[in-house]
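Here is what each chain is made of, one letter per residue.
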Amino acid sequence: RVYKRDEAPPLLTRYKERFPQETWEHFRRHCKGGYPEVKTAILEDQHYLCAYCEISIKLAEEEGQLDDFRVEHFYPKSSTEEDGHNFHLDWRNLVGVCHGGSQPDVPNAMERFSKRQIDRSCDVLKGNKKISGNILNPLKIPMNRIWCFSEYDGFMYVDFIPCNFAVVVGYF
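Conventions used here
Residues numbered from 1 in each chain as written. Predicted model: local features only at pLDDT ≥ 70, side-chain atom pairs only at ≥ 80, totals over all residues. Heavy atoms only, no water. Helix = DSSP H or I, 4+ residues; strand = E, 2+ residues; numbered from the N terminus. Buried < 20%, exposed > 50% of the residue type's maximum accessible area, 1.4 Å probe, protein only. Contact = heavy atoms within 4.5 Å. Areas by Shrake-Rupley, 256 points an atom, 1.4 Å probe, with all protein chains shown as cover. Core = buried A, V, L, I, M, F, W, Y, C linked by side-chain atoms within 4.5 Å. Salt bridge = Lys/Arg side-chain N within 4 Å of Asp/Glu carboxyl O.

1. Section: the overall build of the chain
Okay, so step 1: Looking only at helices and strands, the chain features six helices and four strands.
Okay, so step 2: Taken from N to C terminus, the helices and strands of the chain fall in the order α-α-α-β-α-β-α-β-β-α.
Okay, so step 3: Going through the 172 residues of the chain one by one, you find that 38% of them count as buried.
Okay, so step 4: Considering only intrachain contacts with a sequence separation of at least 6, the fraction spanning at least 24 residues in the chain is 62%.
Okay, so step 5: With the model as given, the accessible surface of the chain reaches about 11,100 Å², and the carbon-plus-sulfur share is 52%.

Written as structure tokens, this is what we have:
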């Protein structure tokens, strides 16, 4: 579970107040210092772990490398038009993720990059598809136990009692 600070970084808050309908891309281009401030807040909140796979985020150490980090919009930015809510600039919609094996120029690329598309995960583009029905939102995972393990063979399965409660309460 990702625990975000309650308040969005100040530059994001001010930008959103001035330009409530703008896009994430516009914010990154036109708000000087805004993206680094958001990035730092996300990394600190997540303890430098990917929101999906929980691998340690690796930042570029050498010239020519990319950070193995991206700001992910859990609800697609394209949902802004149909839902009437600006998911581009919503602090509660932003999580930090690794590139999911899709970038060859990240630190530790031998361990983090795969030429096989089937191996890719995390920040591999969703294609503006809503994934909330297929994956748990890292900001809304309940604290209840949701998995059980068989003592006999280690098999992992869903613990339906707390999961059904979580569905009723609205975690999923």
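2. Notes on the nonpolar core
Okay, so step 1: Leu12, Trp24, Phe27, Val38, Tyr52, Trp91 and Leu94 are the most contacted members of the largest nonpolar core, which has 28 residues in total.
Okay, so step 2: Of all the secondary structure elements, the ones that give two or more residues to this core are helix H1 (10–18), helix H2 (24–30), helix H3 (34–45) and strand E2 (94–97).
Okay, so step 3: Counting residues per element, this core draws most heavily on H3, at five residues.

3. Some points on the pattern of salt bridges
Okay, so step 1: Counted according to the given criterion, the structure contains six salt bridges.
Okay, so step 2: Here Arg5 makes a salt bridge to Glu44, at a shortest N to O gap of 3.1 Å. Of the two residues, Arg5 is situated in the segment before H1 and Glu44 in helix H3; the sequence distance between them amounts to 39 residues.
Okay, so step 3: A salt bridge links Arg116 to Asp119, with the shortest nitrogen-to-oxygen separation between them at 3.0 Å.
Okay, so step 4: Look at Asp119 and you get partly exposed, because its relative accessible area is 41%.

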